[in-house]
Structures are given as C-alpha cells and as structure tokens.
Amino acid sequence: MHTAKSVAIILAAGQGKRMRSARPKVLHELLERSMIAWVVDATRSSGVDEIIVVVGHGRDEVEAELRRLYGEHVRTAVQQKQLGTGDAVRAALPLIGDETDRALIINGDCPLIEAEALRSLLEIRAELALLTSTIDNPHGYGRILRDASGRVVGIREEKDCSESERAISEVNPGVYLASIPFLRRAIAALSNENAQGEYYLTDIVGMAEGGAASLSHPIDRLLGVNDPLELSRAETVLLRERRERLMREGVKMRLPETVFVSAECEVEGGAELGANVELRGRTIVRSGAKIDSGSILLDVEVLADAYIKPYTVAEKSVIGERAEIGPFSHLRPETEIGEGGKIGNFCETKKTLLGKGSKVNHLSYVGDGEIGEGVNIGAGTIFCNYDGARKQTTVIGDGAFIGSDSQLVAPVRVGKGAYVASGTTVTRDVPDDALAIARAKQENREGFAARLRRRNDSAKNSP
Ligand code: UD1
Ligand code: MG
C-alpha cells in the first residue's frame, strides 16, 4: 500500500498582465466565484493530502481570499519575484516535508479543471506525468513535443517555437504530476535562457528519464485564462453546464442561453426563469416560483409559487409564497414581502415588512415600513422616512387603507382598519378605525374658466 503523502502546488503568483486589471488574475471571477476558488475546490476533491498555493503579485488579496474560504486547509508559499512558473514551484519546495513523495502542479489560471482529471493523473506512477489536450487554435499554449516512438520529450513555449513546432495542435494545459525527488532535481537545474528570460516549469519535461507520461483530456475543461476573452469563454462553459444541470433537475428556462445563474445560487426543480434573468449572489428560488424576463435578483429568496414579473430588480430581500412583484419595481435590501403580498409597477421598497396579502400596487415608495396584513396602499404613496439626518419608521396596522397620493411623514403610525383620504399628508398618528384627512377644502367658482378663456382669446386676436 502507498502510504507516502501527496501535495498539490497551485501557481498563483503571476500578475496576469493580459487582463489589464489591478486585481490579481486569480481573483477574477467566473459565475461570481474567484478563479482560485474553482481550482482549489477541484483540487480538494481530488484527494491530495495537502495544498500549497504559490502567491506573489497581489499576495495580500489572494491570501485573504484563501483564508476566507479555506482557513487552515490551504497553505501559501511566497514567490518574491515573478521569474517564471519553474521559479514559482521552487518557492513551494521548502514547505514540502519528507513524508510527501509526489506533487500535483496546477496552473492557477486553469479554472475549469475537475477533480476527476486530477484523480486519473494521480493514478500514474512515473517521475513525471502531465495532461495534454488537442486544440484547433493552439495560440498561446506550450506545444507538446514527442519523439518518434510517441513519448513526450519536451514542451516548447509558443515564443520559442520554430515554424513547424508552432503548427503542433497538442498543447500543455499546465497540469502535472511529479515525484518529489525528481522535482527537486529538475527545478534546481532550470535555466532562464529562452525568449522570455523566465524559469519555465515546462523545461522539466526534457529532464524526465525516458520522457513524461501523458494523459489526454478534452481542452474545454482545461482552458487557460490569460485575458478577458479567455475568462468569458471559461465562464461560458461553466454557465452552460450549470443551466443544463438545472434544466435536467426540472427548472424551466426560456432562451436559456441568456440566463445567468451564479455559482452560489439555488434554484429548485419546478421553478421557471424567463429570458435575460440574472440570479446573482446567493439567490434562492423555490419550486413553482416564476422569475420573468429581465429580472435581476441579488441575494434574494423567492418562496414557492411567487411571481416576479418582468424587469424587477431586487437585492437582499425575501419574497413570500404566492407574492407578486413588478413589472419594473425595485426592492432594496431588507424588504420582506409576506405570503400573497403584492408590489406593483414602478414601486421602490427598502427595509420594509409587507404583511400577508397587503398591496402596494402603483408608483409608490415604501421605506423603513412595518405594514400589517391586508393593507392597501394607493397609487403614488410616499413614506417620508428621511429627515436629512435620521431614518424613521412608518407603521401601518392590519386592514388599513391608504388613499392615493398620500405622504406618511415618519415616525408615524396608522392604526388598524384606519382610512387615510387621498392626498393626505399624515404627520400625526391615526387611531384604529379613524379617518385621516388633511387637504385644503375644495372651492368651485362658477363660470370662471369660461371667462378666462374669453379674455385669453381676445388678447390673442388683438393686433
Ligand atoms: C503556461 C505554460 C504553457 C501552458 C499554459 C497553459 C509555462 C512556462 N508555460 O503558459 O506551457 O500551455 O500555461 O495555460 O509554464 N505564475 C507564477 N509565477 C510566475 C509566473 C506564473 O505563479 O512567475 C503562475 C500564474 O499566476 C499562472 C500560472 O503560473 O496562474 C501560469 O502562468 P502564465 O503566465 O499564465 O503562463 P502561460 O503563458 O499561460
Ligand atoms: Mg496562463
């Protein structure tokens, strides 16, 4: 039985110049999860005994992300200067103990790598083994060099390729397995005499006795990410798989290729997503709920059978069973819509509890509100919750009716079953079952409009 340990070394010290971004490359996200997290997750599930991530450029940020996600489960080694992938591995070697006899080495910019591919590599017993892929356009990848008998005897970086080598379509995705004694020897022997003046990890292939063992694997799971185009291609692969898995589980989608679902979202079978829907953050959509076209939900929980109509934007909110929202409404953080509640079109909500069966149907703003059950809030109602310094609360009792175009100046309470007449500015509490009316008394002046019209007409006609 094999008792010695295995380690994974993930290379993540590079700057990622081609991203043209201040953010370290491995912190760019796919489905809202960082590139490094995708690689570490796959590596953890491969069964290696420990993981070392080599950090350098943007080290503090990368380490913070690793600590946040993995705590003590991932160690880091520091590569002070980015002198190449071979030098990056060199930085990790002092952290590897004697009980460890082999190392998986994985480029940190290979976010689609799966645990299964790593496991099959780990089954190979050789000084050095690597994954290879065949690709239509090998641009940017190191090319695999084989001898007459088919053994892998080298990897040539594109910038060092001859014309004929450049035409080779078998490439190096940057995933290797090496025995530790071999790795220590080979890394010590690397030189930087090449087109980029870097210590290439790929040069260790030429040092393996009898060449390296190889395992071919489809490129669509090994795409390297160096620029925004490659990032989007890799994300597209993940997104397509995510959507397909959800549809297999019973989630209906219209125009699925336009739907975005982040890595941390949960969508139950029996839910329905319209075209151009984006589910971001940790959004949860329960069975029977329907999210219609163009809606964007961030960290929202949509309970069973709720209906989010088109072009709703919502954040950090809970939408109750059978509730209806939109079209064209904006739910800001801490909105909680009770069972069967309704927010209609062109409404904005913020930090508001809407009780069971209550309705805010048209063009209203409700912020810092506690609205009871069975309440009707008329068109154009505004909760005046901010006095320039503080946010104040508006409380509305069960069964109350707020007439259209009313303003409720917080802090204020409207009692249960109370009635606020249209156009009222409520500045004092309204008792249960009372009527509040605060508007100027209407006066009708007979014939006034006709007289005004005649005067205007004669002014227009005089020279
Ligand atoms: C590398 C390989 C190439 C392979 C390709 C696959 C080498 C020399 N070339 O090229 O054969 O086809 O990946 O995508 O290995 N890094 C460090 N420290 C450094 C330099 C890089 O940690 O000093 C890390 C980067 O953060 C990155 C990874 O190593 O995650 C690969 O580096 P990158 O510069 O992207 O290499 P490629 O040019 O893509
Ligand atoms: Mg790369």
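Provided above is the structure to which this section pertains.
Reference entry: report on the structure contained in this document. (Residues numbered from 1 in each chain as written. Chains lettered and ligands numbered in written order. Predicted model: local features only at pLDDT ≥ 70, side-chain atom pairs only at ≥ 80, totals over all residues. Heavy atoms only, no water.)

## Quick look at the overall build of the protein chain
Looking only at helices and strands, one finds eight helices and 40 strands in the protein chain. For the protein chain, the C-alpha radius of gyration of 32 Å lies well beyond 23 Å, the compact-globule estimate for 463 residues. Dimensions of the protein chain, computed from the C-alpha atoms along their principal axes, are close to 105 × 70 × 45 Å. Looking at the protein chain as a whole, 48% of its 463 residues qualify as buried. (Helix = DSSP H or I, 4+ residues; strand = E, 2+ residues; numbered from the N terminus. Rg over C-alpha atoms; globule rule 2.2 N^0.38 Å. Buried < 20%, exposed > 50% of the residue type's maximum accessible area, 1.4 Å probe, protein only.)

## Here we look at the site of ligand 1
Around ligand 1 lies a shell of 24 residues, among which Gln79, Gly84, Thr85, Glu157 and Asn172 are the nearest. The side chain of Thr85 places a nitrogen or oxygen atom 2.7 Å from an oxygen atom of ligand 1. Glu157 places a side-chain nitrogen or oxygen 2.7 Å from an oxygen atom of ligand 1. Of all elements in the fold, only β1 (5-12) and α3 (85-92) reach the threshold of two or more residues within the shell around ligand 1. Residues belonging to the shell around ligand 1 are distributed by class as follows: eight nonpolar, 12 polar and four charged. (Near = heavy atom within 4 Å. Polar contact = N/O pair within 3.5 Å; in protein donor to acceptor, adjacent residues only side chain to side chain. Nonpolar A, V, L, I, M, F, W, Y, C, P; charged D, E, K, R; others polar.)

## Things to note about α3
Counting buried positions over the eight residues of α3 gives six, a clear majority of the element. Those residues of α3 hidden inside the fold are in contact with β1, β4 (50-55), β5 (74-78), β6 (100-107) and α6 (180-188). (Contact = heavy atoms within 4.5 Å.)

## Here's the deal with the coordination of the magnesium ion (ligand 2)
Taken together, the protein donors to the magnesium ion (ligand 2) comprise Asp109 (OD) and Asn226 (OD1), at separations of 2.1 to 2.3 Å. Placement of Asp109 in the loop between β6 and α4 (115-122) and of Asn226 in the loop between β12 (213-216) and α7 (228-248) is noted, with a sequence separation of 117 residues between them. On the basis of relative accessible area, Asn226 is assigned to the buried category, the value being 16%. (Donors = N, O, S within 2.8 Å, 3.2 Å for Na, K, Ca; no water.)

## Side note on a nonpolar patch on the surface
On the surface, a cluster of nonpolar side chains totalling about 430 Å² of accessible area is made up of Tyr311, Phe328, Phe346 and Leu363. Note on placement: Tyr311 falls in the loop between β22 (307-308) and β23 (313-315). In this structure Tyr311 comes out as partly exposed when scored by relative accessible area, which is 43%. (Patch = residues over 30% accessible without salt bridge, like charges linked within 9 Å, V, L, I, M, F, W, Y side chains within 5 Å. Areas by Shrake-Rupley, 256 points an atom, 1.4 Å probe, with all protein chains shown as cover. Salt bridge = Lys/Arg side-chain N within 4 Å of Asp/Glu carboxyl O.)

## Digging into the pairing of β1
Within β1, seven of the eight residues are buried, which leaves the element mostly enclosed by the surrounding structure. Here β1 runs beside β6; their pairing, made up of seven bridges, is parallel. Bridge pairing links Val7 to Ala103 in β6. Summarising the sheet, β1 and β4 pair through six bridges and their orientation is parallel. (Pairing = 2+ DSSP bridges.)

## Focus on the sheet that holds strand β13 (residues 252-253)
Strand order in this open sheet of 11 strands is β13-β16-β19-β22-β25-β28-β30-β32-β35-β38-β40, and the pairing throughout is parallel. Taken across any chain shown, the strands that pair with only one partner, and hence form the sheet edges, are β13 and β40 (435-436). Sheet topology places β13 next to strand β16 (residues 272-273); two bridges connect them, and they run parallel. Residue Lys252 lies in a different strand from β16, and its bridge partner there is Glu272.

## Focus: the nonpolar core
Formed by 51 residues in total, the largest nonpolar core has its most connected members in Ile36, Val40, Val53, Leu104, Ile113 and Val175. In terms of residue count, helix α1 (residues 35-45) provides more of this core than any other element does, seven residues in total. A domain split of this core shows at least three residues from each of domain 1 (5-221) and domain 2 (228-436). Counting 45 residues, the second largest nonpolar core, distinct from the first, contains Met253, Cys265, Ile371 and Val414. (Core = buried A, V, L, I, M, F, W, Y, C linked by side-chain atoms within 4.5 Å. Domains from an automatic or database assignment.)

## Details of the pattern of salt bridges
Scanning the model with the defined rule gives 30 salt bridges in all. In this structure, Arg33 engages Glu264 in a salt bridge whose closest nitrogen and oxygen atoms are separated by 3.4 Å. Here Glu264 lies in the loop between β14 (260-261) and β15 (266-267) and Arg33 lies in strand β3 (residues 33-34), a separation of 231 residues in the sequence. Among the ionic pairs, Glu264 bridges to Arg282, the shortest N-O distance being 3.9 Å.

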